[in-house]
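The primary structure of each chain is shown beneath.
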Amino acid sequence: MKKIITIALLIISLSAVAQEKIPVTESDYSNNSVEMADTMRSNGKIYVLVGVIAIIFAGITVYLVSTDRKISKLEKNIHS
Amino acid sequence: MRQSWWKILAIALLLYTITAGLLMEAPRLPILNETIRALHFHVTMWFGMILMLVVAVYYSIMYLRTNDLRYDDIALEFTNSAVLFGVLGIVTGMLWAKFTWGEYWSGDPKQNAAAIGILMYFAYLILRNSLPDSQQRGRIGAIYNIFAFAAFIPLIFVLPRLTDSLHPGNGGNPGFNAYDLDSRLRMVFYPAILGWTLLGGWMATVRVRIRRVERTLEDRMLNS
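Cut-offs and rules
Residues numbered from 1 in each chain as written. Chains lettered and ligands numbered in written order. Predicted model: local features only at pLDDT ≥ 70, side-chain atom pairs only at ≥ 80, totals over all residues. Helix = DSSP H or I, 4+ residues; strand = E, 2+ residues; numbered from the N terminus. Contact = placed C-beta atoms within 7 Å. Core = buried A, V, L, I, M, F, W, Y, C linked by C-beta atoms within 7 Å. Buried ≥ 20, exposed ≤ 12 C-beta atoms within 10 Å, placed from the backbone. Expected span 1.5 Å × (residues − 1). Nonpolar A, V, L, I, M, F, W, Y, C, P; charged D, E, K, R; others polar. Axes fitted to C-alpha atoms, helices over the stretch in contact; angles between N-to-C directions. Parallel < 35°, antiparallel > 145°, perpendicular 65-115°, else oblique. Left-handed = near helix turned anticlockwise from the far one by under 90°.

Asks: For this particular structure, what's the right way to read unusual backbone geometry?
Replies: Glycine aside, a negative phi is what most residues show, and trans is what most peptide bonds show. One non-glycine residue, asparagine 67 of chain B, lies in positive phi territory at about 60 degrees. Counting through the fold element by element, asparagine 67 of chain B comes out in the loop between α2 (42-66) and α3 (69-100).

Right under this line is the structure:
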């Protein structure tokens, strides 16, 4: 029990070691001097990009699922 | 599809990663700009790689204890998936580095260490293929795999931190360390790690099952 508590306290204190970190604050979210893809967002085109990537991901997923099904069928045939 | 709940979870988490990762508000930071979103794609590759390597090491140990070749299949295929993720991690890292550090490859300690790590695993795959006997291949492969993992972790996590590096979190460079603390990025980052790891695990298990079918067929041919 004592060991567990010591380990837990050590893990908690790990965050205290990382003092050099610069935290991201709310002002970083509203800092308009840094250029971001705002035009893309206001024109709505970012959704096109999200769609494109989602379609590609869907295609890969369908392919993986069909491979999975094929091997399931093989397994059933071979063990029967 | 066998045991499909975690596969569905993987798909759902990755769809969430893609949409939320690209659309959610991100901190506006100089130099990084929108590339900060690569956190959900580049960094997660390495997390996924490490997690799959842990699985591979576990099954390598299991193989050494039991001499059951089925454990060796799992160890090998999880390493294969992990190596794929590692290669993708290095390539995406190079692209990201070009636009934030200025060069695809600047000989940075983190980049060099990651490259050495990947090469160690290439050597593992080549070593395995050079051994014809399956038990010998399994045993030497398992021992190599355990030692490779033991060298890989300090290579990519410890050594780059002891020197100056451009990569965030190394050599007193606070960089991305800061984003660990940002709860909004974390809301996508953690699900992304789980999603990518599950996808890698899925690919590995499909290939493990192919190997098992192959082995059953081989045994049948030898017996008939």
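Asks: Sorry if this is basic, but what is going on with the environment of threonine 17 of chain B here?
Replies: All names here are of chain B. Checked against the element boundaries, threonine 17 lands in helix α1 (residues 5-23). The spacing of threonine 17 and methionine 187 is 170 residues in sequence and 9.5 Å in space, taken between C-alpha atoms. Ignoring sequence-local partners within four residues, the contact set of threonine 17 consists of His40, Val188, Pro191, Ala192 and Gly195.

Asks: Is there a simple way to think about the nonpolar core in this case?
Replies: Generally speaking, soluble globular proteins have nonpolar side chains that are buried together. All names here are of chain B. Judged by nonpolar contacts, the single largest core of 50 residues is most densely connected at Met52, Leu53, Ala56, Tyr59, Ala75, Phe78 and Ala82. Looking at this core, the elements that each hand over two or more residues are α1, α2, α3, α4 (109-129), α5 (134-158) and α6 (183-223). Of all the elements, α2 adds the most residues to this core, at twelve residues. Excluding anything up to four places from it in sequence, phenylalanine 78 contacts Met52, Val55, Ala56, Tyr59 and Ala204.

Asks: Please explain α4 of chain B as it appears in this structure.
Replies: Residue and element names in this part refer to chain B. The end-to-end C-alpha distance of α4, which contains 21 residues, comes to 30 Å, matching closely the 30 Å that a straight helix rising 1.5 Å per residue would cover. The set of residues buried in α4 consists of Lys110, Gln111, Ala113, Ala114, Gly117, Tyr121 and Tyr124. Elements in contact with the buried residues of α4: α3 and α5.

Asks: How should the interface of chain A and chain B be read in this particular structure?
Replies: Many structure descriptions define interface size as the accessible area lost when the parts assemble. Contacts between the two partners involve 30 residues from chain A, matched on the other side by 31 residues from chain B. Ranked by residue count, the leading element in the side of chain A that touches chain B is helix α4 (residues 46-79) of chain A, at 17 residues. Each residue belonging to the side of chain A that touches chain B can be placed in one class, and the counts come to 19 nonpolar, four polar and seven charged.

Asks: Sorry if this is basic, but what is going on with α1 of chain B here?
Replies: Residues lying three or four places apart along an α-helix face the same way, a consequence of the helix completing one turn every 3.6 residues. Taking 1.5 Å per residue, 19 residues should reach 27 Å; α1 of chain B reaches 27 Å between its end C-alpha atoms and fits that length. Where the residues of α1 of chain B are buried, they touch α4 of chain A together with α6 of chain B.

Asks: What is the right way to read the packing of α2 of chain B against α6 of chain B from this model?
Replies: For any two helices packed against each other, the geometry is given by the interaxial angle and the distance between the axes. All names here are of chain B. One way to put it is that α2 packs onto α6 with a least axis distance of 8 Å and a crossing angle of 50 degrees. With respect to α6, the element α2 is oriented oblique. Crossing angle aside, the handedness with which α2 passes α6 is right-handed. Each of Thr44, Met45, Phe47, Gly48, Leu51 and Met52 in α2 lies in contact with α6, whose residues at this interface are Ala192, Ile193, Trp196, Thr197, Gly200, Gly201 and Ala204. Each residue belonging to the contact of α2 with α6 can be placed in one class, and the counts come to eight nonpolar, five polar and no charged.

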